[in-house]
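Chains, contacts and geometry: an overview
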Amino acid sequence: MAVFVALGAFLMTLAGGWVAQRVSDRRHLVLGFAGGLMLGVVGLDLLPEALDAAGDEVFGVPAALLLFVGGFLTAHLVERSLAVRQAAHGAGEERVPQVGLTAAAAMVGHSLMDGVALGAAFQIGGGMGAAVALAVITHDFADGFNTYTITSLYGNARRKALLMLFADALAPVVGAATTLFFTLPEQLLGCYIGFFGGALLYLAAAEILPEAHHDHPARSTLLCTVAGVGFIWLVVGVAGK
């Protein structure tokens, strides 16, 4: 059942990527909306889930928050190290394609864990599975949108962006299928979500949103960011009912 439901996430991810391509002539609006989606996913979906699942505190701080900060710093260090390496070869301040591919690969990893979470929820029961399925399928639209946008933003060819989009779409199906053979501990899943949330927040705050407002500091761009956050709030609210 979980694998069948994951096919819905597959289609929704492709739909998100298709929308990101079709509105490429409004790049600042696309990036503003993508930044809002990422901010909403982190603050309203991933971090609360991580705090609930990761469990114990480490020296007075929830493990999920420590990993959240660790994910943010890791994303920063990866980007800086790649940028320094690129500058050493005379590339100046140009966008580093590897950063986009790394970020997209992290999105694929997150979608894989979405599939694992979906399969684990159906192992618990049909009601839990249905709730998680609604959350996964609806927010995978944002995943597809962001995967294509992030890959393209850093100067990667359209072919690579489409390849990462397809990998992101396929990942939930693969993740759900793996739960036919094993069960992932909830605490480990919560720790992963915390780390990924930190990395995603860095990309939104340090890369996507500044780029959205760089050439077009318009009110419409800001409204698209707010709309992205609002969309994820709606998804979380509907899934929680």
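In what follows, the accompanying structure is described. (Residues numbered from 1 in each chain as written. Predicted model: local features only at pLDDT ≥ 70, side-chain atom pairs only at ≥ 80, totals over all residues. Heavy atoms only, no water.)

Notes on the side chain of Thr13
Counted only if it meets this: Numbered from the N terminus, helices here are DSSP runs of H or I no shorter than four residues, and strands are runs of E no shorter than two. Per-residue accessibility, obtained with a 1.4 Å probe over protein chains only, is compared with the maximum for each type, and a residue is labelled buried under 20%, exposed over 50%, and partly exposed between these values. Should any heavy atoms of two residues lie within 4.5 Å, those residues are counted as being in contact.
Structurally, the position occupied by Thr13 is in helix H1 (residues 2-22). On the basis of relative accessibility, which here comes to 0%, the residue Thr13 falls in the buried class. Those residues in contact with Thr13 that sit more than four places away from it in its chain are Asp140, Gly144, Leu165, Asp168 and Ala169.

A closer look at the packing of aromatic side chains
Quick reminder of the rule: Stacked, edge-to-face and tilted labels apply to pairs of Phe, Tyr and Trp rings (six-membered ring for Trp) whose centres lie within 6.5 Å, assigned for plane angles under 30 degrees, over 60, and everything in between, in that order.
If you walk through the whole model with that rule in mind, you get three aromatic pairs. Ring centres of Phe33 and Phe145 lie 5.5 Å apart, and the angle between their planes is 80°; on these two criteria the pair is classed as edge-to-face. With a gap of 112 residues between them, Phe33 in helix H2 (residues 27-54) and Phe145 in helix H5 (residues 126-153) connect regions that are remote in the sequence. Phe145 sits in the buried class, given a relative accessible area of 3%.

Description of the nonpolar core
Across soluble globular proteins, you tend to see nonpolar side chains buried next to one another. Definition in use: For our purposes a nonpolar core is just a set of buried Ala, Val, Leu, Ile, Met, Phe, Trp, Tyr and Cys residues, chained together by side-chain atoms within 4.5 Å.
Within the largest apolar cluster, 37 residues are counted, with the highest numbers of intra-cluster contacts made by Met38, Ile150, Leu200 and Ile208. Of all the elements in the fold, those that place two or more residues in this core are H2, helix H3 (63-88), helix H4 (97-124), H5 and helix H7 (186-214). With residues near it in sequence (within four places) discarded, Met38 still touches Asn146, Ile150, Leu200, Leu203, Ala204 and Ile208. Listed in part, the nine residues of the second largest apolar core include Ala6, Ala169, Val173 and Ala176.

Re a nonpolar patch on the surface
This is how the line gets drawn: Like charges within 9 Å and nonpolar side chains (Val, Leu, Ile, Met, Phe, Trp, Tyr) within 5 Å are joined into patches, using only residues over 30% in relative accessible area that form no salt bridge. To measure how exposed things are, a 1.4 Å probe is used in the Shrake-Rupley method; for residues, cover is taken only from the protein chains shown. Note on definitions: salt bridges are taken to be side-chain nitrogens of Lys or Arg within 4 Å of carboxyl oxygens of Asp or Glu.
Residues Val58, Phe59, Val61 and Leu66 make up a contiguous nonpolar surface patch of roughly 410 Å² in combined accessible area. With respect to the element layout, Leu66 can be found in helix H3. Leu66 gets classed as partly exposed once you look at its relative accessible area, which sits at 39%.

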